[in-house]
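Spelled out, the chains give:
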Amino acid sequence: MKLSTGLTRRTFLKGAGAAAAATILGDLGFDLTPVALAAQNLRIKTAKENMTVCCFCSVGCGAIVHTSDGKVINIEGDPDNPLNQGTLCSKGQAMYQLTKNKRRLDTVLYRAPGAKDWQTKDWDWAMKEIAKRVKKTRDSSFMEMDEAGITVNRTEAIAQLGGAAHDNEECYLLSKLGRALGIVYLEHQARI
Amino acid sequence: MAKAMLVDLSKCIGCRACQVACKEWNQNAGEKTENTGTYENPPDLSPQTWTKIKFVEQNSGDNVKWLFRRMMCQHCTDAACEKVCPPKAISHLETTAVVIDQEKCTGCKYCISACPFNVPRYDAADNKAKKCTLCIDRISNGLIPACAKVCAPGAVQFGERSDMVKLAKARMDALKTKGVNDLRLYGESELGGLGVMVLMTAAAEDYGFPDKPSFPVSVNLWQDYLKPLTIVAGGGGILAVLVSFIGSIGYKHKQEGGE
Amino acid sequence: MGPTFGRGAMTQSWIDIKNSDVIMVCGSNPAENHPVSFKWVTKAMENGAKLIVVDPRFTRTASKADIFAHLRPGTDIAFFGGIINYIITNKMYHEDYIKSYSNASYLINPGYSFKDGLFSGYNDKDRKYVTDSWSYQTNDAGATIKDATLQDPACVFQLMKQHYSRYTPEIVAKTCGIPQAKFQEIAKTFAATGAKDKAGTLLYAMGLTQHTVGVQNIRAFSIIQILLGNMGIAGGGINALRGESNVQGSTDFGLLAGSLPGYNNLPDAAKHPTLAKYKESEVTKTGFTQNRAKWLISMLKAWWGDNASADNDFAYHYLPKNGAGFQKSGYTWIALFEAMYAKQIKGLLCWGQNPAVSGPNSNLETAALEKLEWMMVADLWKTETAEFWKRPGVKPENIKTEVFLLPAALSYEKQGSITNSGRLIQWRYKATDAPDKAKDDLWMVDTLYKEIKALYQGDPNAKFPAPILNLNWDYGQEPDSKMVAKEINGYTVADKKQLASFAKLADDGSTGCGNWIYSGYFVGDGPADNKAAARDTKADPGGLGLYPGWGYSWPLNRKIIYNRCSCDTAGNPWNPQKVLVQWDGAKWITNDVADFGAKDAATGNPITPDKTASAPYIMLAEGQARIFVPKGAIKDGPFPEQYEPVESVIKNPLSAQQINPAAKIWGADKDKLTAFGSKICPIIAITYRVTEHWQTGSMTRNLPWLTELMPEMFVEISPVLAERKQIAHGDWVTVASARGTVSARAIVTERLQGFKLCTGEPEVAGMPFHYGYTGLVTGGPDEDKNYSVNQLSPHVAEPNTGMPEYKTFLVDVRKAVT
């Protein structure tokens, strides 16, 4: 089993193993070759282990994402993580279907004013267009000083939401960019 | 050494991680379901659903109880399904698992009729009977079954049978001192000992288990006298007779609420 | 929590629950919403702990409880107040603890009063308090006057005793609907943890906070925990079970109105017009917050680098300053959507959030989205928010909002850290690529910034471009989360050396640090320097499950905060079996990282226990936990007081004040409320989550293994209500409030019961808030119907936090006409 960077090898597979299992089955006197084959065919045997933390609630359960050639083949609890010791709940155990899912967005979409449906767009166009709107709205609403003459340098015409589903490093940049733009209507899931 | 699973219903919180873990490991599909006025779903075991939690509410005045029961193959030592299987597709392995060899299964459904717990399900898509394998691929490789691994409160345990019995007895002693009655270790001896023992805090029938799970006499009859005939004769005529025979003698499944 | 103890975070770790003797679950449902936490609840119970569950409905958590009580929604303060009264009356408090570690002995200004539901200083015109009279008495030297015997009638202890003497078991029964005998059993069981060597813990969540008295709910329980000496000890504490995987982290990083990373306040125009004024108001003379200038200035250095210097007050003016906000009610969630509905807000950047389902009064909030000129949504799915212009009942051609929907990567398609509810930071690795053109949010933010910067560079007439152009922003061509982590951790400006902790932060511009509380989590480039990725499970000092070698807990890897309180003033642990820290006569033994001065930073010499005995709550200026919260820290009263929810069928049994006098009532055309006494909506509605779905459902209603478990929107009602309404098990019903209607399947169950001890025996309807109108399942079979429960909930907010009152409002339930 290959492991993610910097991690020690776990004793994930121990005990008899497939060959021994086949022998035991054979000793019972049945012709059990297909079952024995099934037993040998543990699909995570040569998988790479990638450590993650569940994306749902805030317990912070560790999970192992098993991949083969970069494709996810299994996800189960990380037995080393002291918080969950290999266990998960129904949601955490279903994380597998987040990546194996045809409903995931895989391209940039744009909805024009009054349009009844989406259009497919590319990243470069979308980011440039969003940037233009951010600038236009910020600049046309920007308040450098309030009625009392205090420097406030803010815009009250752009709102920013979100963050609880993100990594810390992303949250930090969301905070940094939002405040650098002068956004004060800045909220996320913690409020609700 | 015989292995066993212990399902300690006094610890089950009904989170159904076991249901999803079973689907994930076995790559069984999610089903389209409806809410029928209960949290319980899918409505029954199926070729795609090898385990499910049954939600049972009991009320006496202001006192509400919410029981959670796992439905799954109990992996009987005296496995009726194994006995009745004409092509010997079902085996009780030394690992404790009772497994249907999908290559050999002919879709005759005898196992379904014979099971005292109403577990195997017929899959019309490939004409095979399907059920829990006790994660035979995992346990043969030193891993524990997916449902045992995933269970957060530790309601599902897997290990040496003697250890599981000890664990259950200790838990029952502890619960007794807390004043919990109606304790039972179901499957310690039933049907030669179940591979999946269940620690209950209510009567077996409250959970929808038969109080005394029995190995139908006629199954013995089948095993010892009639099945050899089918193998020898191999003829369609005698089989047709026997299908109706099995149908008439098989364990009479009690209708369970909500199913 | 913040006003009482100084920090608004879970005080323990999840594993520490196993060390509890009594676990009170109130306003949360861990078996369903944090199922793996039940591993530790179960462990505690195996060790003999008792589980008490108090909830409006019998949950999966309740199924495992030793004692369960149905509580009428919105009456937690009456319940907790009753327990406070019980503890005082029966002298079950931990006397040494409250004398040493709380403000019980402080004398209060004679101007303070409480009469028939109102505290002194109330102004009914703007529904606000002037809090000046809620203050400590001081002597001529400015020191607080105390009475160590707790006998002075003006001392906090006596005022508390008097305040809660009204909260009798009879009042609890009448208000909460809990029979007196059951209440006494609960109070007795929990109060028993006032014994020195016993620990009781509270597990709460949105069931306590999402009320117009949300902060006071937590305050009330905090007082119980102070009285019983349950704070800062193993197995004790007050634990907010956070809902999202990184809602702790996102809060730590200041993604809330008025907040900056590390819980520094965003400058307020009136209070902090200049850096000097900011320091005057935010930097305390005592307590650990005397270092606050170091934290803010180091952040400004991290953000604006060489452009932040002593000469320009470290670019303090680059930060936006809050004004009064919409209708003088700030910038928090409800104000934000009211401002949007009033067309003040024209553009929205929405990162992985789904307000069309999660926001209160979502008919108003989705109508507000229509008023936007443009909206950007980054998500994994076509959420209800992204497709609000297609929602049931609207014509897309009438909606002019432009929408950009950006496909995002999920947690294991990128790498970075997240912080769990117990402040534990853990690292996640990338396992696989995101689908096709989807990108991680780090890339999106980075790219968006670069595009915006380019526009500002090219426009000589742009408005105040300096904070954008001068922003210190270099995380590589393809942004690298590790480079961001290094900036967050902090470094020396001169030689770019990573800092080992926040102890070295300075206020002279010599250090940069993005978020001081995270300082120490990413200390260099070596394999062991990413502390969030640490995976040592061997070390478990004291056998308490602290696991210091696993990940990194802010601050400074402390697992249980305020742990000085686990010992008496001389440093002897209250419970010798569960030692967090202990003075051995010469030095501190620290199984947990000391949350107090244990060693002199300069000399390394031990600091004797007497030096820290008077100030174990290091984040408060007084250093002692606040039973009474003095002026300025809280807006709706120094003691928690029971008021009814804004929508209620019961007249407040405690006073003439029906609702929280400081609660904000909004007045847009869609802000309808059911008035007290109205017969149209007589049923109390509560909302919640189930194990099998998560939040707005976008992450779970698209997963077949979960949709099969909980396929449809439902409403749980009692058999009594079902019979009255001729509703059968599994029927489709309509649930209506003053604001909207939704369809749901009826689950008729004894797990919900009317409150027979309350006037009118009100009934309850319980609904999950996971459903909507997009996804693999939407909540029902009919795409033209509404299944999102927040179409029913009101826009009314808690006065301190702006948290909406989701957990109690009024509805009617009717059999659907088919």
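How each quantity is defined
Residues numbered from 1 in each chain as written. Chains lettered and ligands numbered in written order. Predicted model: local features only at pLDDT ≥ 70, side-chain atom pairs only at ≥ 80, totals over all residues. Heavy atoms only, no water. Helix = DSSP H or I, 4+ residues; strand = E, 2+ residues; numbered from the N terminus. Buried < 20%, exposed > 50% of the residue type's maximum accessible area, 1.4 Å probe, protein only. Contact = heavy atoms within 4.5 Å. Pairing = 2+ DSSP bridges. Axes fitted to C-alpha atoms, helices over the stretch in contact; angles between N-to-C directions. Buried area = accessible area lost by both parts, 1.4 Å probe. Salt bridge = Lys/Arg side-chain N within 4 Å of Asp/Glu carboxyl O. Polar contact = N/O pair within 3.5 Å; in protein donor to acceptor, adjacent residues only side chain to side chain. Lys, Arg positive; Asp, Glu negative; His and termini not counted. Parallel < 35°, antiparallel > 145°, perpendicular 65-115°, else oblique. Left-handed = near helix turned anticlockwise from the far one by under 90°. Nonpolar A, V, L, I, M, F, W, Y, C, P; charged D, E, K, R; others polar. Arc of directions from axis to C-beta. Patch = residues over 30% accessible without salt bridge, like charges linked within 9 Å, V, L, I, M, F, W, Y side chains within 5 Å. Areas by Shrake-Rupley, 256 points an atom, 1.4 Å probe, with all protein chains shown as cover. Charge placed at Lys NZ, Arg CZ, Asp CG, Glu CD. pLDDT = per-residue confidence, 0-100. Core = buried A, V, L, I, M, F, W, Y, C linked by side-chain atoms within 4.5 Å. Domains from an automatic or database assignment.

**Focus on the overall build of chain A**
Here comes step 1: Of regular secondary structure, chain A possesses six helices and nine strands.
Here comes step 2: Burial analysis of chain A (192 residues in total) assigns 65% to the buried set.
Here comes step 3: Across chain A, the fraction of contacts at a sequence separation of at least 24, relative to all contacts at a separation of at least 6, is 39%.

**Digging into the sheet that holds strand 8 (residues 156-160) of chain B**
Residues and elements named next belong to chain B.
Here comes step 1: Strand order in this open sheet of four strands is 8-1-10-9, and the pairing throughout is mixed. Both outer strands of the open sheet, strand 8 and strand 9 (184-186), are each paired with one neighbouring strand and no more. The mean inter-strand angle of the sheet, taken between neighbouring strand axes irrespective of direction, is 25°.
Here comes step 2: With four bridges connecting them, strand 1 (residues 3-8) and strand 10 (residues 196-200) associate as parallel partners.

**Re the interface of chain C and chain A**
Many structure descriptions define interface size as the accessible area lost when the parts assemble.
Here comes step 1: The interface of chain C with chain A comprises 172 residues on the first partner and 116 residues on the second.
Here comes step 2: Across the chain C to chain A interface the summed buried area is about 12700 Å²; carbon plus sulfur atoms make up 63%.
Here comes step 3: At the surface where chain C touches chain A, the tally comes to 10 salt bridges.
Here comes step 4: There are 88 residue pairs in polar contact (both at pLDDT 80 or more) connecting chain C and chain A.
Here comes step 5: At 12 residues, helix 17 (residues 441-457) of chain C tops the list of elements feeding residues into the side of chain C that touches chain A.

**Observations regarding the sheet that holds strand 1 (residues 22-26) of chain C**
Residue and element names in this part refer to chain C.
Here comes step 1: Read across the sheet, five strands follow the order 3-2-1-8-9 without closing on themselves; strand pairing throughout is parallel. Among the strands making up the open sheet, the edge pair consists of strand 3 (67-70) and strand 9 (238-240). Neighbour-to-neighbour, the strand axes of the sheet open up by a mean angle of 15°, direction not taken into account.
Here comes step 2: As defined by bridge partners, strand 8 (residues 200-204) adjoins strand 9 across three bridges and the pair is classed as parallel. Across the sheet, residue L202 finds its bridge partner in strand 9, namely I238.
Here comes step 3: Helix 10 (residues 214-227) contacts strand 1, strand 8 and strand 9 of the sheet and is inclined by roughly 170° relative to strand 8.

**Focus on the side chain of D146 of chain A**
Here comes step 1: Assignment of secondary structure puts D146 of chain A in the loop between strand 7 (143-145) and strand 8 (151-162).
Here comes step 2: Buried charge without a partner: D146 of chain A forms no salt bridge, and the closest opposite charge is R154 of chain A, 5.4 Å away.
Here comes step 3: A distance of 3.0 Å separates a polar side-chain atom of D146 of chain A from the backbone nitrogen of A148 of chain A.
Here comes step 4: Leave out the neighbours within four places in its chain, and D146 of chain A touches V152 of chain A together with A269 of chain C.

**Section: the interface of chain B and chain C**
Here comes step 1: The interface of chain B with chain C comprises 39 residues on the first partner and 42 residues on the second.
Here comes step 2: Note on chain B versus chain C: buried area summed over both sides is about 3100 Å², and carbon and sulfur give 56% of it.
Here comes step 3: The tally of links from chain B across to chain C stands at six salt bridges.
Here comes step 4: Measuring nitrogen to oxygen at the nearest pair gives 2.5 Å for the salt bridge that ties K11 of chain B to E46 of chain C.

**Examining the pairing of strand 23 (residues 683-688) of chain C**
All names here are of chain C.
Here comes step 1: With six of six residues buried, strand 23 lies mostly within the body of the structure.
Here comes step 2: Where strand 23 and strand 27 (residues 764-768) come together, five bridges link them in parallel fashion. By the bridge assignment for strand 27, T687 is matched with M767.

**A look at the pairing of strand 3 of chain C**
Residues and elements named next belong to chain C.
Here comes step 1: Burial along strand 3 is two-sided: the face carrying I67 and A69 and the face carrying F68 and H70 are both buried.
Here comes step 2: Where strand 2 (residues 50-55) and strand 3 come together, four bridges link them in parallel fashion. Of the residues in strand 3, the one forming a bridge with D55 is H70.

**Quick look at the packing of helix 14 (residues 333-341) of chain C against helix 16 (residues 362-370) of chain C**
All names here are of chain C.
Here comes step 1: Closest axis-to-axis distance for the helix 14/helix 16 pair is 8 Å, and the angle between their directions is 50°. Taken together, the axes of helix 14 and helix 16 are oblique relative to one another. Between helix 14 and helix 16 the crossing geometry is left-handed. The segment helix 14 lies against helix 16, with W333, F337, E338, M340 and Y341 engaging L364, E365, A367, A368 and L369.
Here comes step 2: Looking at the contact of helix 14 with helix 16 residue by residue, the classes come out as eight nonpolar, no polar and two charged.

**Side note on helix 12 (residues 275-282) of chain C**
Residue and element names in this part refer to chain C.
Here comes step 1: Looking only at helix 12, the buried set comprises L275, Y278 and E282. When helix 12 is viewed along its axis, its buried side chains cluster within an angular range of 55° and face the same direction. Every exposed residue of helix 12 that faces more than 90 degrees away from the buried side is listed here: A276 and E280.
Here comes step 2: Against strand 11 (264-265) and helix 13 (292-304) lie the buried residues of helix 12.

**Some thoughts on the environment of A234 of chain C**
Here comes step 1: Summarising the element assignment, A234 of chain C is placed in the loop between helix 10 and strand 9.
Here comes step 2: Once you skip the residues sitting within four places of it in the chain, A234 of chain C turns out to touch Q12, D16, N19, A199, L544, I560, K578 and L580 of chain C.

**Comments concerning the pattern of salt bridges**
Here comes step 1: Overall, the coordinates contain 65 salt bridges over all chains when judged by the stated rule.
Here comes step 2: Of the charged contacts in the structure, one is a salt bridge between E280 of chain C and K277 of chain C, with a shortest N-O distance of 3.8 Å. Placement of both E280 of chain C and K277 of chain C in helix 12 is noted, with a separation of three residues, approximately one turn of the helix.
Here comes step 3: Residue classification places E280 of chain C among the exposed positions, given a relative accessible area of 60%.
Here comes step 4: We classify K277 of chain C as partly exposed; its relative accessible area is 39%.
Here comes step 5: K390 of chain C serves as the salt-bridge partner of E387 of chain C, at 3.6 Å between the closest nitrogen and oxygen.
Here comes step 6: Residues joined in a network through salt bridges with shared partners are E129, K132 and R133 of chain A together with E402 of chain C.

**A few points about a positive patch on the surface**
Residues and elements named next belong to chain C.
Here comes step 1: A contiguous patch of positive charge on the surface is contributed by K343, K346, K371, K670 and K672.
Here comes step 2: Position of K371 relative to the elements: it lies in the loop between helix 16 and strand 13 (374-379).
Here comes step 3: According to the relative accessible area criterion, K371 is partly exposed, its value standing at 30%.

**As for the confidence of the model for chain B**
Here comes step 1: For chain B, the average pLDDT comes to 88, and 83% of its residues sit at 70 or higher.
Here comes step 2: Low confidence marks residues 232-259 of chain B, where pLDDT is under 50. Its contacts with residues over four positions away, or in another chain, come to 43 contacts.

**A word on the nonpolar core**
Here comes step 1: Counting 295 residues, the largest nonpolar core has L98 of chain A, M5 of chain B together with W304, L349 and L406 of chain C as the members making the most contacts within it.
Here comes step 2: Of the residues forming this core, the biggest block, nine residues, is contributed by helix 13 of chain C.
Here comes step 3: Counting the residues that make up this core, at least three belong to each of domain 2 (48-99) and domain 3 (122-191) of chain A.
Here comes step 4: By size, the runner-up hydrophobic cluster in this structure holds 82 residues, among which are V54, I98, A220 and I627 of chain C.

**Structural notes on the side chain of S222 of chain C**
Residues and elements named next belong to chain C.
Here comes step 1: Assignment of secondary structure puts S222 in helix 10.
Here comes step 2: For S222, a relative accessible area of 0% corresponds to the buried category.
Here comes step 3: Within the structure, S222 has its side chain in polar contact with the backbone oxygen of I218 (distance 2.7 Å).
Here comes step 4: Not counting chain neighbours up to four residues away, the residues in contact with S222 comprise T4, F5 and I238.

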